[in-house]
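# Structural overview for review
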Amino acid sequence: MENLLKNKSDEELLKAVASKDESAFEILVEKYKYSVLNIIYRYTTNRTEAEDISQDIFVKIWHSADSFKYKSKVSTWIYRVVVNYCLNFKDKNKINNTIQSLDELSEKGEIITDSSKEYKSYENNETDRIVRDSVNKLPERYKIVLILSRFDNKSYQEISEIMNLSIPAVESLIFRAKANLKKVLLPYFNKRTDI
Amino acid sequence: MKKECTNPEKLSAFLDGELSEQERENIKSHLKNCLLCQKEVSELTKLSELLNNSFLPIEPSPYFITELKQKIEDNETMSVEIRINDWIARIKHSLIPIGATALILFSFVAGNRIGNILYQKSSTVGEREIYTSVESSILNDFPESSLTNTYANLLSEEGER
């Protein structure tokens, strides 16, 4: 049964999900969970919250599958749910925008402060923290288009469909996001040292 | 950046692989002779590397689907509970106006009944009183020497006997 479902298109799977077919839902989740989780993770910069929110998004998909009108691709609809969730999510207690402090990283053993190799690790962690912090401070729309383009390899065309924008608008948003980051991160361009 | 330089938005799109073949060729040939645009491209490339290194992807937990199914189950149980609570709340809310309306109707009907009973009692007494007063006044109104008065007197005398 599952093998049969695996060969089905997203549209066929979603139709099955709309009639509460759990196996079809599982296949759809398996297909998109990695991508959805990583978009949310890059948005929230917190793994636990990213897992929690990703699951909430799939719960929403399970409940609203029957309302999908099939006017766009299923993948576009799923990413639109993700983007809307990110953009409309006002509860700041759930999305923790603060980046882990160095003390927290140290407590978790992610920072080691002895020897030159460990110093490099510290330096890299510090640079990563600053980069994540800078991305986090971007206006929401800049941040989400940058995440979709840079990390999820979505084309400008796909982003324009997901966000209901024109392609030039997407191009402009991505450029502005990069320009903002470039200004802040220029001093760190040559700092990151690979171990 | 020179006046004839490529729009920086296009340089960004060029690095993202979003331009047509023709546009790419134009930019490539421009880059050969423009140090400013080369610098812009170099900085954007370094930014991409920095972003890629700082946001390494994560793997979903092995319990992702199990936890998700649990959430759906909890959600459904919760929505049933919410529906029941909503239903109870609606009943509670509608009980007040229903009760008030029933009380008003009851008061109206009961008031009407009581009113009718009291009216019937009082009207019977009233009618008798009116009848008696009318009867006597009619008899008393005839002149003393009239045949009717004499007849009435005879009747009353017979009655007294």
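Above this note sits the structure.
Quick look at the structure, then. (Residues numbered from 1 in each chain as written. Chains lettered and ligands numbered in written order. Predicted model: local features only at pLDDT ≥ 70, side-chain atom pairs only at ≥ 80, totals over all residues. Heavy atoms only, no water.)

One can find Ser134 of chain A in helix α7 (residues 115-136). Dropping the residues within four chain positions of it, Ser134 of chain A is found in contact with Leu181, Val184 and Leu185 of chain A. (Helix = DSSP H or I, 4+ residues; strand = E, 2+ residues; numbered from the N terminus. Contact = heavy atoms within 4.5 Å.)

Because an α-helix completes one turn every 3.6 residues, residues spaced three or four positions apart along the sequence face the same direction. Residues and elements named next belong to chain A. Here helix α4 (residues 47-64) contains 18 residues, and its C-alpha end-to-end distance of 26 Å stays within 8% of the 26 Å for a straight helix at 1.5 Å per residue. Within α4 the residues assigned to the buried category are Glu49, Ala50, Glu51, Ile53, Ser54, Gln55, Asp56, Ile57, Phe58, Val59, Ile61 and Trp62. The N-terminus of α4 is capped by Asn46, whose side-chain oxygen sits 3.0 Å from the backbone nitrogen of Thr48. (Expected span 1.5 Å × (residues − 1). Buried < 20%, exposed > 50% of the residue type's maximum accessible area, 1.4 Å probe, protein only. Polar contact = N/O pair within 3.5 Å; in protein donor to acceptor, adjacent residues only side chain to side chain.)

Time to look at a negative patch on the surface. Negative charge collects at one region of the surface, where Glu22 of chain A together with Glu73, Asp74 and Glu76 of chain B lie side by side. Considering every element that reaches the negative patch, the biggest residue donor is helix α4 (residues 64-140) of chain B, with three residues. Relative to the assigned elements, Asp74 of chain B resides in helix α4. Judged by its relative accessible area of 40%, Asp74 of chain B falls in the partly exposed class. (Patch = residues over 30% accessible without salt bridge, like charges linked within 9 Å, V, L, I, M, F, W, Y side chains within 5 Å. Areas by Shrake-Rupley, 256 points an atom, 1.4 Å probe, with all protein chains shown as cover. Salt bridge = Lys/Arg side-chain N within 4 Å of Asp/Glu carboxyl O. Lys, Arg positive; Asp, Glu negative; His and termini not counted. Charge placed at Lys NZ, Arg CZ, Asp CG, Glu CD.)

Glancing now at the interface of chain B and chain A. Chain B puts 34 residues into the contact, and the matching count from chain A is 46 residues. For the pair chain B and chain A, the summed buried surface comes to about 4100 Å²; carbon and sulfur atoms form 62% of the total. Together, Phe55, Ile58 and Phe64 of chain B form the three largest contributors to the area buried by chain B at its contact with chain A, with a combined 19%. At the surface where chain B touches chain A, the tally comes to eight salt bridges. Among the ionic pairs, Lys69 of chain B bridges to Glu26 of chain A, the shortest N-O distance being 2.4 Å. Linking chain B with chain A are 20 residue pairs in polar contact (both at pLDDT 80 or more), by the criterion used here. Here the side of chain B that touches chain A takes eleven residues from helix α3 (residues 35-54) of chain B, the largest share from any one element. For the side of chain B that touches chain A, a count of residues per class yields 15 nonpolar, seven polar and twelve charged. (Buried area = accessible area lost by both parts, 1.4 Å probe. Nonpolar A, V, L, I, M, F, W, Y, C, P; charged D, E, K, R; others polar.)

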